[in-house]
2 protein chains.
Amino acid sequence: MTKASTKPSQIASRARFRPPAVPQIDVRGFWGGRVDAVAARTADILYDRCVEARMLEQIDPDRPPPGVVIPFHSMSPTGDEFTGATVTTQMFWDSDWGKTIETAAYSLYRRRNPELEKKIDAVIDIYEKLQQPDGYLSSWYQRIQPGLRWTNLRDCHELYCAGHLIEGAVAYYQATGKRKLLDVLCRYADHIGETFGPEPGKKKGYCGHEEIELALVKLGRATGRQKYLDLARYFIDQRGQQPHYFDEEARARGADPKNFHFKTYEYNQSHKPVREQDKVVGHAVRAMYLYSGMADVATEFGDDTLRVALDRLWDDLTGKNLYLTGGLGPSAANEGFTADYDLPNDTAYAETCAAVALVFWASRMLGMGPNARYADVMEQALYNGSISGLSMDGSRFFYENPLESRGKHHRWIWHRCPCCPPNIGRMVASIGSYFYGQSEDAIAVHLYGDNTGRFEIAGGKVTLTQETRYPWDGVVAITVETDALLPFKLHLRIPRWCRKAALSVNDETIELSGVSENGYATIERVWKRGDTIRLDLEMEIRRVYANPNVRQNLGRVALARGPVLYCAEATDNAADLQQLTLPADGAVTATDEPTLLCGVVSLCAEGEVETAAGWNGELYRSAPPTRTKTSFKAIPYFAWDNREPGQMLVWLRSSTA
Amino acid sequence: MTKASTKPSQIASRARFRPPAVPQIDVRGFWGGRVDAVAARTADILYDRCVEARMLEQIDPDRPPPGVVIPFHSMSPTGDEFTGATVTTQMFWDSDWGKTIETAAYSLYRRRNPELEKKIDAVIDIYEKLQQPDGYLSSWYQRIQPGLRWTNLRDCHELYCAGHLIEGAVAYYQATGKRKLLDVLCRYADHIGETFGPEPGKKKGYCGHEEIELALVKLGRATGRQKYLDLARYFIDQRGQQPHYFDEEARARGADPKNFHFKTYEYNQSHKPVREQDKVVGHAVRAMYLYSGMADVATEFGDDTLRVALDRLWDDLTGKNLYLTGGLGPSAANEGFTADYDLPNDTAYAETCAAVALVFWASRMLGMGPNARYADVMEQALYNGSISGLSMDGSRFFYENPLESRGKHHRWIWHRCPCCPPNIGRMVASIGSYFYGQSEDAIAVHLYGDNTGRFEIAGGKVTLTQETRYPWDGVVAITVETDALLPFKLHLRIPRWCRKAALSVNDETIELSGVSENGYATIERVWKRGDTIRLDLEMEIRRVYANPNVRQNLGRVALARGPVLYCAEATDNAADLQQLTLPADGAVTATDEPTLLCGVVSLCAEGEVETAAGWNGELYRSAPPTRTKTSFKAIPYFAWDNREPGQMLVWLRSSTA
């Protein structure tokens, strides 16, 4: 939960850890349940809602495009429009198809669904049909605003849409073996490479909403084509250079560059070259996607200058601008960052997409080597502020994830800017790939949870099976199966929230202090079939306090256990939640509740409550309120608003702080 | 500061206490300084700003009217418009002239200012010239929207403007002896009486912004004409009756009654007949003006049914909806009330006009007899949330009066809806009339402060001279001078904030318990020249706590001394104010500071501070913040933002509550 004490990524290291493909990992247990909800419900819902929003009509060249075009300037940051007209088309709908395809792909790997597969195949056929002979592919610029391609990279999500379609294509290929969409997107990526780059005559632009960078790295890794990695690096290097591309592009359109809705290029992180950036600024999802792409490029090219910038940005985010949930971006106005330590709870924007994107960034920082500094935050965002965005049954969604609700904040069926539903869908459906990282001679275990992972390493095959009730229990048993004697390093993360951990291999205790670096214990040996590892992570209930610069949390305390943050919800508690106080020395106990909210551990805290009883209708008086003893219940934050609607509170009042 | 324990106004009583005219009272000391600031600066500023806002052009029939008309529906509640066009005329500008004239009148009584008097005389000449032969007088409907008079009472402030001009006329007559404006307004009031009333053929309407009711009572008292009192009662009685006048009026205009910007008639307190109302709702100033008019009518007509309703409304306001400053109306959206106990500090609207209007209401409740239940709240609003709206030098104004500022809230030179500056101006300039109330056989002393009051009672003349440093010291010496032996009752308020009071007449102690009722001690005797009263009100520093239903103040405490509420301001304190905590047992000392902020008593509190020192850049951790001892300074709330700009905080964190 707290900032890792481990060191920034070691500059000298050239280790390159890549995540496994999703089909390499079979998850069970906690994440198995979440993936099943996505595969059983969310994946179908995403497709159906896209169709209801008339997205098929936008992409299909054989159908008339939907009607009303909303000019950009009349849109709010979320894409909701101000004028009252009905939105029936959006410039970023290719991205929603891309994420919907990606979610479907991983879901199809999880669970046969011939009907959904047929529908997605049909969407892919449409995209193949839509693609122009030169490889260009954008439903917006081909169908809604023809003739204007590559004229407004700043505002119009053109390369962003390409990136999401690429991610969808890679996922569909990896999960189903079908490569039609991958081929379509390779042709498009080739066209983009012919259009943008350092060579004379090519455009020197980059996208106003980052995404293409990380997508090109993914495509390069999936296809083995270096040119896609090079193009990703070009977009990263070019961002924020002078003369500023968005200025020049605006003038070329006959527009005044100053007439930019969001005023400052901090909004899209092009205010300065990326290596000079040291503050997380602007639109939170854009920032996280940029840093994800930077981390990928740093990993693939061993670029230490990017690493240095990324570590500065990491410190700025995790030291001053991150909610305890792993949520980020407090303001609705720019869907992003404001001022250091400005982390209001009830008005927190903390978009689901932003926490999901932080998981992306953190996981990519692990490409430069195992380091709990990043993995701890990845886990924090995974178990709290990201999956809070999806209802337990996989059918409803949060766009904003506040840490306090007075009872009016509830999940959506859909959103006019439907970025979050498919983003949380694809993240959950691909969770397996976040569990591990693999280099030439090492496997890193970043996350714990019941699962089986299959790897090829040191010329052989190895299967790792984790048996555990994590995150509800800290005991993890890992069984190694190999087809031969295999020498490799196994890095095991020791979460920073854990104060006492024990490790053994084949029942032989290993002193953690002797083998630990950057929050990971490393076991280097020749592994053989049947080797067993046991990791025992003591899972105490913790009180968490915020830095006193966070004014909203002064005098407040939060409860956490393992990676899971807790909250009080009205349905479990009689009092107004703000009237509850938690003494520093009050007992808090954990209870297994297998039937509550798909099975959680709940907390019961001894506390006190201040009520208006005895005030005789007085509004003010000289005697302080009296307190009476009470106990209250807390549930995991991610599971709130799945029962009766009501108040919710993460940061409880502390009666001693 | 706290809700009075005294009983609601005694239904059976028929006592009728009227306030003295302003020229009867000469204030010195604390209020003398405030009145001098208004007379020396504010009064001139008000006139100048009205002229700058082109208000003269609107009212003068010999000049072309100013240009742009902003349709009502494009205005925000404050009269700011949304479209970006320049506002050069407003339908409520006659009210600003009315209040400006009223402020000037009382200021001219205080301090000769021939230049200002000449200017105001000229404005009065213009109004005389503008008045139509039938008596009608409205610069808006004569000059900007001719032909539409009495077609939209709901939205267009027509009778409201009349009311403020009447108040200005009465004041100018009382302060200068000039009756030209009074005659003009009597003719207009006569016209209104011919237009509205229960008689067949007359309109059954009333104003969407109350004010005419209390103004007509004032006019009736000043002229001795009962018909004005009767008309005031008619407007009160008619309000909220069915069929609803605003519905019918809208239909007569060809409009849909449902198409009302503020949705509900609660906004203007016409949602039900006034005697059935039991919740303070809607626009706060409108509500206070209505209740003021109701109280005046209850007093003048001995109407117990109104008293009962007023006491219910009083309980609702003071028990659930009043800031500790005496401010009210937390929401900017309706400039008014929201939900019970919804009293946010940093976003408090708490318009200066609303606290001023509460002073009006509370003072009028005293018309039904001395009762600290009302006088305590009048004093609370006077010393805190109303005069906070005027800078110490009388030149700048708050529209909103929050109880917490992060450093961005500052006084205005002017406002496009300039209601507050002349409202606080006229209240301060007429403060003397709030000190006392007089019935046939009694004088009530509601407020303490250095002053001399002249009264006629029991067939003779009496002068009361208060000598005191109140509100900085609780010792009050009152000297009685009479021209003969005069029998009358003197009611002396014992403020509820005072835990220990002592009273003597001519050095003879009077047991308070034997002579006190409803928070007033009554001395009934035959008074003679030279009688002296000494009242000793112990002025302890008090900690004040809010009802736990006020979620924003849970765990917080405020400091008060006598009637004065305190706040911490950044310029006096090094730490972030939210990082300060005040222990329940920490010492707080008072210091006389004759050169600070025109002379105040400041407080110094022993407290603790939590800073980020020792956090090593961590955003969250398991150890609570450490506290170090500190002391901090607090100044009177009304005097904040008169020095270096910065944070301000009323409700300090309590380290035990």
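Calculation rules
- Residues numbered from 1 in each chain as written.
- Chains lettered and ligands numbered in written order.
- Predicted model: local features only at pLDDT ≥ 70, side-chain atom pairs only at ≥ 80, totals over all residues.
- Heavy atoms only, no water.
- Salt bridge = Lys/Arg side-chain N within 4 Å of Asp/Glu carboxyl O.
- Helix = DSSP H or I, 4+ residues; strand = E, 2+ residues; numbered from the N terminus.
- Buried < 20%, exposed > 50% of the residue type's maximum accessible area, 1.4 Å probe, protein only.
- Contact = heavy atoms within 4.5 Å.
- Least-squares fit on C-alpha atoms with pLDDT ≥ 70 in both.
- Buried area = accessible area lost by both parts, 1.4 Å probe.
- Nonpolar A, V, L, I, M, F, W, Y, C, P; charged D, E, K, R; others polar.
- Pairing = 2+ DSSP bridges.
- Phe/Tyr/Trp six-rings, centres within 6.5 Å; stacked < 30°, edge-to-face > 60°.
- 1 Å grid on protein atoms, 1.4 Å probe; cavity = no way out; pocket = protein on both sides within 12 Å on 5 of 7 lines; lining within 4 Å.
- Points joined across faces, edges and corners; volume = space filled by probe spheres on them.

### Comments concerning the pattern of salt bridges
Residue and element names in this part refer to chain A.
Thinking step 1. Under the definition given, this model contains 112 salt bridges over all chains.
Thinking step 2. Between Asp36 and Arg110 there is a salt bridge, with its nearest N and O atoms 2.8 Å apart. On the criterion of sequence distance, the pair formed by Asp36 in helix 1 (residues 29-52) and Arg110 in helix 3 (residues 93-110) is long-range, its members being 74 residues apart.
Thinking step 3. Owing to a relative accessible area of 37%, Asp36 belongs among the partly exposed residues under this scheme.
Thinking step 4. With a closest N to O distance of 2.9 Å, Asp237 and Arg275 form a salt bridge. One end of the pair, Asp237, is in helix 9 (residues 226-238); the other, Arg275, is in the loop between helix 10 (245-252) and helix 11 (284-301), with 38 residues separating them in the sequence.
Thinking step 5. A single salt-bridge network, built from bridges that share partners, covers Arg16, Arg18, Arg221, Asp296, Glu300 and Arg364.

### Looking at the environment of Asn506 of chain A
Residues and elements named next belong to chain A.
Thinking step 1. On the secondary structure map, Asn506 appears in the loop between strand 9 (501-505) and strand 10 (508-510).
Thinking step 2. Take Asn506: its relative accessible area is 31%, and that puts it in the partly exposed class.
Thinking step 3. In this structure the C-alpha to C-alpha distance between Asn506 and Thr532, which are 26 residues apart in sequence, comes to 5.1 Å.
Thinking step 4. The contact partners of Asn506, leaving out residues within four places of it in the chain, are Arg525, Lys528, Gly530, Asp531 and Thr532.

### Side note on the relation of the copies chain B and chain A
Thinking step 1. Placing chain B over chain A gives an RMSD of 0.0 Å and needs a rotation angle of 180°, together with 0.1 Å of translation along the axis. The symmetry that links the two subunits is that of a two-fold axis.

### Some remarks on the interface of chain B and chain A
Thinking step 1. Taken together, the 51 residues of chain B in the interface contact 51 residues of chain A.
Thinking step 2. Summing the contributions of chain B and of chain A, the shared interface buries around 4000 Å²; its carbon and sulfur component is 51%.
Thinking step 3. Together, Arg551, Leu619 and Tyr620 of chain B form the three largest contributors to the area buried by chain B at its contact with chain A, with a combined 22%.
Thinking step 4. Our count for the contact surface shared by chain B and chain A stands at six salt bridges.
Thinking step 5. Salt-bridge contacts for Arg496 of chain A lead to Glu618 of chain B; the nearest nitrogen and oxygen are separated by 2.9 Å.
Thinking step 6. Among the elements of the structure, helix 12 (304-320), strand 14 (541-546) and strand 20 (620-621) of chain B are those that each provide at least two residues to the side of chain B that touches chain A.
Thinking step 7. Looking at the side of chain B that touches chain A, the element that brings in the most residues is strand 14 of chain B, giving five residues.
Thinking step 8. Of the residues that constitute the side of chain B that touches chain A, the class distribution is 21 nonpolar, 15 polar and 15 charged.
Thinking step 9. Where strand 20 (residues 620-621) of chain A and strand 14 of chain B come together, two bridges link them in antiparallel fashion. Bridging across to strand 14 of chain B, Tyr620 of chain A finds its partner in Ala546 of chain B.

### Quick notes on the sheet that holds strand 4 (residues 442-445) of chain A
Thinking step 1. Taken in spatial order, the five strands make up an open sheet running 3-4-8-12-11 (chain A), and their pairing is mixed. Two strands bound the open sheet, and with one partner strand each, they are strand 3 (436-438) and strand 11 (516-517) of chain A.

### Some points on the packing of aromatic side chains
Thinking step 1. Inspection of every chain in the model, using the stated rule, returns 68 aromatic pairs over all chains.
Thinking step 2. Consider the rings of Trp651 of chain A and Tyr620 of chain B, whose centres lie 5.9 Å apart with planes at 25°: the pair is stacked. Residue Trp651 of chain A is found in the loop between strand 22 (648-649) and strand 23 (652-654), and its partner Tyr620 of chain B is found in strand 20; the two belong to separate chains.
Thinking step 3. A residue is classified by how much of its surface remains accessible, and Tyr620 of chain B, at 3% relative accessible area, is buried.
Thinking step 4. With a centroid separation of 5.4 Å and an interplanar angle of 40°, the aromatic rings of Phe30 of chain B and Tyr383 of chain B are classed as tilted.

### Describing the environment of Thr151 of chain A
Residues and elements named next belong to chain A.
Thinking step 1. Summarising the element assignment, Thr151 is placed in the loop between helix 5 (139-144) and helix 6 (158-176).
Thinking step 2. The exposure class assigned to Thr151 is partly exposed, which follows from its relative accessible area of 26%.
Thinking step 3. C-alpha separation for the pair Thr151 and Arg525, spaced 374 residues apart in sequence, amounts to 56 Å.
Thinking step 4. Setting aside residues no more than four positions away along its own chain, Thr151 makes contact with Glu158, Glu249 and Arg253.

### Some words on the pairing of strand 6 (residues 460-468) of chain B
All names here are of chain B.
Thinking step 1. Alignment of strand 5 (residues 451-457) against strand 6, held across seven bridges, turns out to be antiparallel. Looking across to strand 6, one finds that Arg454 is bridged to Thr463.
Thinking step 2. Where strand 5 hands over to strand 6, the hairpin turn is made up of two residues, of which Ala458 adopts a positive phi near 50°.
Thinking step 3. Pairing between strand 6 and strand 7 (residues 475-482): seven bridges, direction antiparallel. By the bridge assignment for strand 7, Thr463 is matched with Glu481.
Thinking step 4. Between strand 6 and strand 7, which pair antiparallel in sequence order, lie six residues.

### Concerning the layout of surface pockets
Take a probe with the size of a water molecule and roll it over the atoms, and the empty space left behind shows itself.
Thinking step 1. Size it by volume and the largest pocket reaches roughly 1100 Å³.
Thinking step 2. Every residue lining the largest pocket is counted, 49 residues in all, and those nearest its centre are Arg406, Gln552 and Arg556 of chain A together with Gln552 and Arg556 of chain B.
Thinking step 3. A per-class count over the lining of the largest pocket returns twelve nonpolar, 21 polar and 16 charged.
Thinking step 4. Looking at the second largest pocket, its volume works out to about 780 Å³.
Thinking step 5. Elements supplying a minimum of two residues to the lining of the second largest pocket: helix 3, helix 6, helix 8 (212-223), helix 11, helix 13 (352-365), helix 15 (420-429), helix 16 (432-435) and strand 3 of chain A.

### Notes on unusual backbone geometry
Thinking step 1. For the peptide bond that leads from Gln242 of chain A to Pro243 of chain A, omega is -5°, which places it in the cis range.
Thinking step 2. As for its position among the elements, Pro243 of chain A is in the loop between helix 9 and helix 10.
Thinking step 3. Between Tyr470 of chain B and Pro471 of chain B the backbone carries a cis peptide bond, its omega angle lying at 10°.
Thinking step 4. Looking at where Pro471 of chain B falls in the secondary structure, it is placed in the loop between strand 6 and strand 7.
Thinking step 5. The backbone of Ala350 of chain A shows a phi angle near 45°, a positive value even though the residue is not glycine.
Thinking step 6. Mapped onto the fold, Ala350 of chain A is located in the loop between helix 12 (304-320) and helix 13.

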